[in-house]
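# Per-entry structural report
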Amino acid sequence: DLNGTLAEFVEQNGSDGDDPELDVFDAEIAKYKAVQEEISHLTTSAVIGWIRIDAKPMKQALATWVTKWVFLFTHYLSNKVVNSMSELYEFMARGDEVLAKDPTEANKDLDETSRNALLYEMMGYMRDLRKRQEKTDVMFEPLVATVALLKTYGISISEDVLKQLEEAPLAWTALKKKSLNVKEKLSMMQQLEARKIREASDAFAKKVEDFRELFQKLAPFAVKGKISADAIEPAYAALDHFHHGKKDREYVHGSLNDVVVESKDLNEKQDLFELIVTDYVALRKSSEDLTNLKRLWDVISSVIYTFTSWNTTLWDKIDVDYLVEETKTLQKQTKQLPKGCAQYDVFRSLGDQIKALLTSLPLVAELRHPAMRERHWKLLQQVTGKKFTMDDKFSLGDLLALELHTCADSVSEIVERAQKELVIEKQLVKIEETWAALNLDFVPFTPDSDVVNIVVDDLIVEALENDNLLLQNLGSNKYVQGTKFQEIVDDWQKKLGTVDSVLSVWADVAKKWSMLESVFIGSQDIRVQLPDDSKRFDGVNTEFTNMMRDAPDVTNVVEACNVDERLENLERMLGLLEMCEKALQDYLETKRIAFPRFYFVAPADLLDILSKGTNPQLILRHLSKCFDNVHNLSFEPDEMGNPSKNAISMWSGEKENVAFSQKCACEGPVEQWLNVVVETMRAALFAEFKISVPKYDQMPRTKWMFEQSAQNTIVVSRLIFTQEVNEAFDRLEDGDDNAVKDLLQKQLDQLKGIIDAVNGKLEKLDRKKVLTLCTIDVHARDTCQKLIDEKVDVADAFQWSSQLRYGTNEKTGKLQINVCDAEIPYMYEYIGSPGCLVITPLTDRCVITLTQAQRLVLGGAPAGPAGTGKTETVKDLGRALGIQVYVFNCSDQ
């Protein structure tokens, strides 16, 4: 686009609307001329291999385009010269015509109107001359230079134009002189007319002030209260009247356009007569205000009509997100209005209404929460101080009429209350549903019992714990206190509190009844011993069995526990049962004192023993709880072949049998005949011991060890070993240095015999006995080896005195064990054939410590990791001493 490029060139290189400097044109034309020269020297054909290229058409096209570009700039300069001269001579010709006229009094042919018109025509021309004088004075030299430049490029100007250019400076100077002469001639008329113009200007200034006051008064700068749709039409009417309305009683000055036209006419006259051109600021300000108000009210009408259309939206059809986005769009349009609008009250009112809606819409969204109930709408009426009906016809407009933005915090608080109350309501419903589904189970106490026992599922316990905590938290919730929920929460707390109490007491009553029932109902002996408590229990038994017979009729846990007077009845029964239990405990204490081993028997087992004590056959299953390893007794048959009450032997858990040295009568109170069993057990073991010692030397050891019980086999072997070591020390004193070595060899020979026996065919019980004896003999061998290694030569040496040294009491003939300075009598508790752990140096250290503690009536505390043999070591020591060992688990587990 040649013309477009030329226009862009002129715009970029010119200044203040003038053409670029001539040098710039010269450089641009020279550039294209150089290109034209370069193109002319280009070859028109070329041969490349077997191809001949003819570039003549392309060269001609390029040359044509370059010529057009050169012509574009030269033609522009040429036209500039021609047009400038043409326009100047036209202006000077018009000046000769106008300035030749005579508007003065000397021209009698003119009336006053024509004279004024002619005066204004002449003043107008002289003003035009003044305005262009500066530019015209300096235009001639550049035009001459332009002609010279065009001539260098072969462009010629017509002779007429060159002649005009040559004569123009003189003609222009003559016109200026002529204008000055005419001005001097019209000076009197000019002064008179200028005075009239100043007077009119002063009067018009007063009119402009009055118009401004009226404009500020009547233009819609503000509205009373909120902007409504009713205010839009009057506002547009006022704006239209100020824009193009006619004069009337209210708009006494007519429209703004009329006043502006009048001001422009007056300013034109001031300019013609070289007066100060008045700038009517108030008028310009009014014009700006009118334009701003029109744009502002266009936005207001858009906003208000949009808001009005939204007001009819029914409550359940409101799309808050859409309304918020649309409102923000309208707010953005408002902010894009001219800055001058911000000073108007109506603009601020519009902004406040939009902000109010933006504040209210989120509240509307909150109020549409499903948690809102009728009571919350009543609270909203109290907060806003306005009444409304929440029905199917309730719309967004009804809600916005409440002016929610003025009480946003209160509305949010109401909604929050509704939401919190909904959560509370759901929690209470869940509690009700949970407990409606929880039932008690009832099963017989025993397979053949007619009385059922209550079974409380773990779900009930868990629900009771969780819901009690939940109700406690709800009770302290501010949204519960003082509301309808308070009564519900209190009621549930009372119900579940009763459930908790009833289940706890009910379980205690059932447990105590079950334990005492077999005692007071099944034991005639105890009924005789405790007549008053038996009667008391009979009453509780009747009441409890009747209650448990009816209990399965109501299985729901809440209903069952809240039956009238159930808690009171259960608490009364529990009190009576505790009295029976206390009396029974006092009775049991007398039995424990009579037979102290009962202290280590569980109360239930003890009651069973006491209730069946007259029948020894029924007591046999409890023997292992009273003795270390007496599991059964053999009884002498009566005349009918049935077991009598005279026991003749005892059996261990390993089925080892030891005969009593005399019959044991199991008659009378159980605590008495059990004491007889203890004494008979000890007498039997002592009698066997006395027989076993002489036999040791009368037969081979491998045969002897099968002749008596495992317990006496071990005891006698230890006794003989102690004697042999003491004899070896005596021989050492007599000079036999090989005494201990000989003993060691004997121990090795004995071990070999035991090994041969183990490798042979043995019964299970005999094998266990031989293995235990082997363990003891290995320790005896190690002891001998230690005495030799450490060169012990006296019996009082610690290496020997620290061992378990078996001997007999000189007065009683009974066995006793010496460890260091401790003398411990052997208690002859039957231990059967339980086996024992390997005896290590650590075992020896434990034995020394524990036996010394026993001598000093102190306690011992073996320490070490789990499973390393602490308990078994203590039990082995107890068996070595013939003492019953009780093991208690005292951990919190």
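Look up: the structure comes first, before these words.
Residues numbered from 1 in each chain as written. Predicted model: local features only at pLDDT ≥ 70, side-chain atom pairs only at ≥ 80, totals over all residues. Heavy atoms only, no water.

### Some points on the packing of aromatic side chains
Note the threshold: Working definition: a ring pair exists when centres of Phe, Tyr or Trp rings (six-membered ring for Trp) sit within 6.5 Å. Plane angles under 30 degrees give stacked, over 60 give edge-to-face, the rest tilted. Helix and strand assignments follow DSSP, with helices taken as H or I runs no shorter than four residues and strands as E runs no shorter than two, numbered in order from the N terminus. Whether a residue is buried, partly exposed or exposed follows from its accessible area with a 1.4 Å probe, protein chains only, as a fraction of its type maximum: under 20%, in between, or over 50%, in that order. Criterion for a charge above a ring: Lys NZ or Arg CZ within 6 Å of the ring centre, and within 35 degrees of the ring normal.
Enumeration over the complete set of coordinates arrives at 20 aromatic pairs. Ring centres of Phe9 and Phe73 lie 5.2 Å apart, and the angle between their planes is 85°; on these two criteria the pair is classed as edge-to-face. Here Phe73 lies in helix H3 (residues 56-99) and Phe9 lies in helix H1 (residues 2-13), a separation of 64 residues in the sequence. Where Phe445 meets Phe544, the ring centres are 6.4 Å apart and the plane angle is 55°; that geometry is what we call tilted. Of this pair, Phe445 sits in the loop between strand E3 (441-444) and strand E4 (452-455) while Phe544 sits in helix H19 (residues 531-550); the two residues are 99 residues apart in sequence, bridging distant segments of the chain. The pair Phe445 / Phe544 is uniform in exposure class, with both members buried. Among the aromatic residues, those joined into a ring-pair cluster are Phe9, Phe25, Tyr32, Trp69, Phe73 and Tyr76. Of note, Lys68 hangs over the ring of Trp65, and the distance from its end group to the ring centre comes to 4.8 Å. The ring centre of Phe91 lies 4.8 Å from the NZ or CZ of Arg132, which sits over that ring.

### Description of the nonpolar core
What counts is decided by this rule: Nonpolar cores are built from buried Ala, Val, Leu, Ile, Met, Phe, Trp, Tyr and Cys residues. Side-chain atoms within 4.5 Å join them into one set. Two residues qualify as a contact provided that any one of their heavy atoms is within 4.5 Å of a heavy atom in the partner residue.
By size, the foremost hydrophobic cluster in this structure holds 113 residues, and its most contacted members are Trp435, Trp506, Phe544, Val557, Phe598 and Leu633. Apart from the residues within four sequence positions on either side, Leu633 is in contact with Leu620, Leu623, Ala647, Ser649, Met650, Trp651, Phe660 and Val677. Formed by 93 residues, the second largest nonpolar core is a distinct cluster that contains Met122, Leu129, Leu186 and Leu214.

### A closer look at helix H4 (residues 112-137)
What counts here: Given the number of residues in a helix, its expected span is that number minus one, multiplied by 1.5 Å. The reported bend at a residue is simply the angle between two axes, fitted to the 7 residues ending at it and to the 7 residues beginning with it.
Between its first and last C-alpha atoms H4 spans 36 Å; for 26 residues at 1.5 Å apiece the expected length is 38 Å, and the two agree. Taken as a whole, H4 carries its principal kink of about 40° at Lys131.

### Describing the packing of helix H27 (residues 710-733) against helix H29 (residues 764-789)
Test applied: Orientation is described by lines fitted to C-alpha atoms, with helices fitted over the stretch in contact, and by angles between N-to-C directions that extend from 0 to 180 degrees. Angles are sorted into four bins: roughly parallel if under 35 degrees, roughly antiparallel if over 145, roughly perpendicular if 65 to 115, and oblique for all others. Definitions for this section: a left-handed crossing has its near helix turned counterclockwise from the far helix by less than a right angle. A right-handed crossing has that turn clockwise. Classes in brief: Ala, Val, Leu, Ile, Met, Phe, Trp, Tyr, Cys and Pro nonpolar; Asp, Glu, Lys and Arg charged; the others, Gly included, polar.
Taken N-terminus to C-terminus, the directions of H27 and H29 make an angle of 15°; their axes are 10 Å apart at the nearest point. Of the possible angle classes, the one that applies to H27 and H29 is roughly parallel. By crossing handedness, the relation of H27 to H29 is classed as right-handed. Of H29, the residues touching H27 (which contributes Ala710, Thr713, Ile714, Ser717, Arg718, Phe721, Val725 and Phe729) are Lys769, Thr772, Leu773, Ile776, Ala780, Thr783, Cys784 and Leu787. Residues belonging to the contact of H27 with H29 are distributed by class as follows: 10 nonpolar, four polar and two charged.

In short, the description is geometric, and any link to function would need to be established separately.
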